[in-house]
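Close look at the chain arrangement
The lines below spell out each chain.
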Amino acid sequence: DGEEVNDDDDNMNDSVTNSISMLRPGIVHRLDKGTTGVLVVAKTRTALAKLSEAFANRRVKKQYIAVAIGHTGEDQWIDKPIGRHPLHRQRMRVVPDASPRKQIRLSETPKKQGRPAQSYVQTLHHDGKLSIVQV
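Residues numbered from 1 in each chain as written. Predicted model: local features only at pLDDT ≥ 70, side-chain atom pairs only at ≥ 80, totals over all residues. Heavy atoms only, no water.

Moving on, we come to the packing of aromatic side chains. One pass over the structure, following the stated rule, counts 1 aromatic pair. Measuring from centroid to centroid gives 5.3 Å for Trp77 and Tyr120, while their planes differ by 55°, and the two rings are tilted. In this pair, Trp77 is assigned in strand β4 (residues 76–79) and Tyr120 in strand β7 (residues 118–126), connecting sequence segments 43 residues apart. (Phe/Tyr/Trp six-rings, centres within 6.5 Å; stacked < 30°, edge-to-face > 60°. Helix = DSSP H or I, 4+ residues; strand = E, 2+ residues; numbered from the N terminus.)

What follows concerns the sheet that holds β7. Strand order across the open sheet formed by 4 strands is β3-β8-β7-β4, with antiparallel pairing between neighbours. Looking at which strands have only one partner, the edges of the open sheet turn out to be β3 (65–69) and β4. For this sheet, the mean inter-axis angle between neighbouring strands, taken without regard to orientation, is 35°. In this sheet, strand β8 (residues 130–134) lies alongside β3 in antiparallel orientation, the contact comprising 5 bridges. Considered in β8, the bridge of Ala66 is made with Val133. (Pairing = 2+ DSSP bridges. Axes fitted to C-alpha atoms, helices over the stretch in contact; angles between N-to-C directions.)

Turning to the pairing of β7, a few remarks are in order. Judged from the 4 bridges that link them, β4 and β7 form a sheet pairing that is antiparallel. Counterpart to Gln76 in the pairing with β7 is Val121. With 4 bridges joining them, β7 and β8 adopt antiparallel strand pairing. Across the sheet, the residue bridging to His126 is Ser131, located in β8.

Attention now moves to a positive patch on the surface. Positive charge collects at one region of the surface, where Arg58, Lys62, Arg84, Arg89 and Arg115 lie side by side. As for its position among the elements, Arg84 is in strand β5 (residues 82–84). (Patch = residues over 30% accessible without salt bridge, like charges linked within 9 Å, V, L, I, M, F, W, Y side chains within 5 Å. Areas by Shrake-Rupley, 256 points an atom, 1.4 Å probe, with all protein chains shown as cover. Salt bridge = Lys/Arg side-chain N within 4 Å of Asp/Glu carboxyl O. Lys, Arg positive; Asp, Glu negative; His and termini not counted. Charge placed at Lys NZ, Arg CZ, Asp CG, Glu CD.)

To continue, consider helix α2 (residues 45–56). Given a rise of 1.5 Å per residue, 12 residues ought to cover 16 Å, and the 16 Å separating the end C-alpha atoms of α2 matches this to within 8%. Residues Leu48, Ala54 and Phe55 constitute the buried set of α2. All buried residues of α2 fall inside an arc of 135° around its axis, so they share one side. Relative to its buried face, α2 has exposed residues pointing more than 90 degrees away, namely Lys50 and Ala56. Just past α2, the residue Arg58 takes up positive phi, approximately 55°. (Expected span 1.5 Å × (residues − 1). Buried < 20%, exposed > 50% of the residue type's maximum accessible area, 1.4 Å probe, protein only. Arc of directions from axis to C-beta.)

Positioned with a positive phi, Arg58 is a non-glycine residue whose angle comes to about 55°. One can find Arg58 in the loop between α2 and β3. According to the relative accessible area criterion, Arg58 is exposed, its value standing at 52%.

Just geometry here; none of it tells us what the structure is for.
What follows is the structure, given as structure tokens:
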């Protein structure tokens, strides 16, 4: 359903190679930059448009398995805004609550206060030192 993202005749049957070449035409989203991560690659222009729209409208649900030091406790919701780290601009972090002193000194716009984010953290296993969680 739809034409190939990259119509190069030499590699017509190798959609992944085609998608990654020539200015990343089939790359929809890169998850977890700086880690093992994953790429979402569209095979067709139709798929690219639909997947890009889903990511832009935040309709994509992502689940992660992580190892945490210590016991993470009961399953819980984390409802904190996410924003860029002030010194390491490539990193994202939970935006700390602004103290009254900081609010006077900094006139932060809502964008600088972070984007709303919710994560459900479920402890799958704890061995006394480490926890395996699903986020």
